[in-house]
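Chain residues, written in single-letter form:
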Amino acid sequence: MTDNIRLWTEQTALLMGATETGSVYITDALLVIFTLLLSWLAFVVCHRLVVPITMKITEKTNTDWDDVLLNERTLRKACLIVPAIVVWMFIPKIFIRMPDMMMLLERLTSIYITVMSTRLAIEVINSMKMLNSDAQSAHHQYLHTFCGVLKIVVVFLAVIVIVSIVINRNPLTLLAGLGATSAILMLVFKDTISGLVAGIRLTSNDMLHKGDWITVEKAGVNGTVEEITLTTVKVRNFDNTIMTITPQTLVDDSFQNWKPMQEGEGRRVARRVYFDFHSIRVITPDIRQTLISRHYFTEEEISNAATVSGSVAARPQQVNLTLFRRWADRYLASHPLVNADMTHMVRQLEATQKGLPVEFYFFLREKRWKEYENQKDEILERLYAAVEDFGLSIYQLGTIFNEE
């Protein structure tokens with residue numbers, strides 16, 4: 001077809017009085033214009049006709065993968081390749097008398113096709129991430145990691161192809177020669193490879209997902225995971241700052257994932273208070289009367305020393321700290337905000353120079369941060385307020401607490 005057009009154009013130019021050389025240039029110019037018009041027409045047909053028809057077909061199918069992979073962005077990027085293919089096909093026909101120009105244009109067109117094909121492949125890979133809509137599932141993390149590796153491979157191959165086009169060598173020859181430079185490539189992609197391995201370990205062991213609340217004390221991270229990539233884990237702290245750490249850091253060091261707590265039945269409170277040894281004593285008649293009048297215990301409950309386990313031991317005299325622990329445990333067990341089905345206790349810890357530590361250990365039903373803090377403080381403040389009624393005193397300078 002091109003040869004016929006060229007012959008007809010040259011004869012027409014000669015009949016119109018052009019010289020033989022002039023007819024050749026006129027023919028080449030007209031063929032260039034014809035090729036550009038044809039490539040533009042191919043783009044318009046692809047953009048205005050093929051893309052809408054393809055999207056309508058995918059919408060009517062029962063499968064979901066075609067809606068994801070053949071989306072509008074992917075099809076639009078594919079349309080950018082079609083005009084270049086048309087030009088690449090006509091270049092040998094147009095510049096047959098100018099081999100240097102033909103070779104230069106073929107290489108430039110081939111590079112353009114390679115670049116646009118790479119962009120199309122990356123867009124398809126990005127669309128693959130949407131095949132699993134559950135962003136917090138392990139399958140999604142696997143797919144996200146796989147897509148990251150696939151994009152690196154695609155870009156790497158595209159660079160090899162472009163270099164081979166520029167130097168006019170076979171791409172397979174270049175790939176075969178890369179064996180000698182594998183050590184350098186391993187060094188360049190060391191972080192990517194280690195990040196890939198660490199990311200697989202995080203997801204395969206179900207250690208981390210997008211949306212998890214994590215705490216990494218060494219890195220100062222305390223917030224929600226927003227993105228997990230090959231080389232970084234992006235976390236939005238509760239002060240709205242963004243922290244990025246490597247997956248390798250999470251694998252090598254320890255980090256705290258609060259997701260099981262958020263999905264569980266309660267959030268733990270563990271508060272340690274130090275009591276002055278000098279205030280621990282057998283209750284006096286005044287303390288006894290105070291406890292009865294303020295409805296901490298009845299006369300019978302004080303007289304019968306029932307331990308937490310329910311057994312009865314004959315103790316004619318009661319210790320104020322013993323009664324306080326028993327009342328605090330009963331208070332926690334009966335409080336509507338405390339999940340009594342989970343572990344709750346008031347226990348002594350090993351004595352220190354600061355005093356005798358007593359730990360309040362229980363779980364609140366509420367897990368939201370602000371509500372949890374308010375409810376926890378209200379319960380602990382009530383326990384602190386009762387200390388004086390039992391004749392106890394807190395070692396204030398040594399008060400230490402540990403809560404989660």
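The structure under discussion appears in the preceding block.
Cut-off values and rules
Residues numbered from 1 in each chain as written. Predicted model: local features only at pLDDT ≥ 70, side-chain atom pairs only at ≥ 80, totals over all residues. Heavy atoms only, no water. Helix = DSSP H or I, 4+ residues; strand = E, 2+ residues; numbered from the N terminus. Buried < 20%, exposed > 50% of the residue type's maximum accessible area, 1.4 Å probe, protein only. Pairing = 2+ DSSP bridges. Salt bridge = Lys/Arg side-chain N within 4 Å of Asp/Glu carboxyl O. Axes fitted to C-alpha atoms, helices over the stretch in contact; angles between N-to-C directions. Contact = heavy atoms within 4.5 Å. Expected span 1.5 Å × (residues − 1). Core = buried A, V, L, I, M, F, W, Y, C linked by side-chain atoms within 4.5 Å. Polar contact = N/O pair within 3.5 Å; in protein donor to acceptor, adjacent residues only side chain to side chain. Parallel < 35°, antiparallel > 145°, perpendicular 65-115°, else oblique. Nonpolar A, V, L, I, M, F, W, Y, C, P; charged D, E, K, R; others polar. Phe/Tyr/Trp six-rings, centres within 6.5 Å; stacked < 30°, edge-to-face > 60°.

**Student:** Help me understand the overall build of the chain, please; the structure alone is not making it clear to me.
**Tutor:** Helices and strands together make up the secondary structure of the chain, namely 16 helices and 10 strands. Counting all 404 residues of the chain, 35% fall into the buried class.

**Student:** Help me out: how do you make sense of the sheet that holds strand β1 (residues 213-216) in this one?
**Tutor:** Hydrogen bonding along the main chain pairs the strands of a sheet, whether they run parallel or antiparallel. In spatial order, the strands read β4-β3-β2-β1-β5; together these 5 strands make up an open sheet with antiparallel pairing. Edge positions in the sheet fall to β4 (242-245) and β5 (256-257), since each of these pairs with one other strand and no more. Looking at chain direction, strand β3 (residues 233-237) and β4 are connected through 4 bridges and run antiparallel. By the bridge assignment, Val-233 is partnered in β4 with Ile-245.

**Student:** Please explain the pattern of salt bridges as it appears in this structure.
**Tutor:** Any two side chains of opposite charge can pair, given that their charged atoms come close. Enumeration over the complete set of coordinates arrives at 12 salt bridges. Notably, a salt bridge pairs Arg-73 with Glu-123, separated by 3.2 Å at the nearest N-O pair. Within this pair, whereas Arg-73 is found in helix α4 (residues 72-79), its partner Glu-123 is found in helix α6 (residues 99-128), the two being separated by 50 residues in sequence. On the accessibility criterion, Arg-73 (53% relative accessible area) is exposed. Residue Glu-123 is classed as buried on the basis of its relative accessible area, which comes to 10%.

**Student:** Help me understand the sheet that holds strand β9 (residues 345-348), please; the structure alone is not making it clear to me.
**Tutor:** Taken together, the 3 strands give an open sheet; going across it, the order is β6-β10-β9, and neighbouring strands pair in antiparallel fashion. Edge strands, defined here as strands with exactly one partner in the open sheet, are β6 (267-275) and β9. Within this sheet the neighbouring strands show an average axis-to-axis angle of 20°, counted without direction. As paired strands, β9 and strand β10 (residues 356-364) are joined by 4 bridges and run antiparallel to one another. Along β10, the bridge assignment pairs Arg-347 with Glu-359. In the packing of helix α15 (residues 320-334) onto the sheet, contacts are made with β6, β9 and β10, and the angle to β9 comes to roughly 155°. Sitting on the sheet, helix α16 (residues 369-386) is in contact with β6 and β10, with an inclination near 30° to β6.

**Student:** Explain helix α5 (residues 82-94) here, please?
**Tutor:** Since the α-helix advances by 3.6 residues per turn, residues separated by three or four positions end up pointing in the same direction. Its 13 residues give α5 an end-to-end C-alpha distance of 19 Å, which sits within 8% of 18 Å, the value for a rise of 1.5 Å per residue. For α5, the set of buried residues is Pro-83, Ala-84, Val-86, Phe-90, Ile-91 and Ile-94.

**Student:** For this particular structure, what's the right way to read the nonpolar core?
**Tutor:** Nonpolar side chains tend toward joint burial in soluble globular proteins. Residues Phe-324, Trp-327, Phe-360, Phe-362, Leu-383 and Phe-390 are the most contacted members of the largest nonpolar core, which totals 31 residues. Where this core is concerned, the elements lending two or more residues are β6, α13 (285-293), α15, β10 and α16. Setting aside residues no more than four positions away along its own chain, Phe-362 makes contact with Arg-267, Arg-268, Val-269, Leu-332, Val-338, Thr-343, His-344, Ile-379 and Leu-380. Core analysis: the second largest hydrophobic core is formed by 14 residues, Ala-198, Leu-202, Val-221 and Val-235 among them.

**Student:** In this structure, what is going on with the side chain of Glu-366? I would like to understand it.
**Tutor:** With respect to the helices and strands, Glu-366 occurs in the loop between β10 and α16. Side-chain polar atoms of Glu-366 contact the side chain of Arg-368, separated by 2.9 Å. Setting aside chain neighbours within four positions, we find Glu-366 in contact with Arg-267, Glu-371, Tyr-372 and Gln-375.

**Student:** Looking at this model, I keep getting lost on the packing of α4 against α6. Mind explaining?
**Tutor:** Axis angle and axis distance: for two packed helices, these are the angle between their axes and the distance between the axes, and together they describe the pair. Here α4 crosses α6 at 170°, and the two axes come no closer than 9 Å. On the basis of their axis angle, the class for α4 and α6 is roughly antiparallel. Here Arg-73, Thr-74, Lys-77 and Ala-78 of α4 come into contact with α6, specifically with Arg-119, Leu-120, Glu-123, Val-124 and Ser-127. Counted by class, the contact of α4 with α6 contains 3 nonpolar, 2 polar and 4 charged residues.

**Student:** Quick question: what am I supposed to make of the packing of aromatic side chains here?
**Tutor:** The description of an aromatic ring pair rests on the distance of the ring centres and on the angle between the ring planes. The full count for this structure, using the stated rule, is 12 aromatic pairs. Relative to Trp-369, the ring of Phe-238 lies with its centre 4.9 Å away and its plane at 50°, an arrangement referred to as tilted. On the criterion of sequence distance, the pair formed by Phe-238 in the loop between β3 and β4 and Trp-369 in helix α16 is long-range, its members being 131 residues apart. Given a relative accessible area of 37%, Phe-238 falls into the partly exposed group. Taking the centre distance of 6.5 Å and the plane angle of 90° together, the rings of Phe-297 and Phe-390 count as edge-to-face. With a gap of 93 residues between them, Phe-297 in the loop between α13 and α14 (299-303) and Phe-390 in the segment after α16 connect regions that are remote in the sequence. A single burial state applies to Phe-297 and to Phe-390, both of which are buried.

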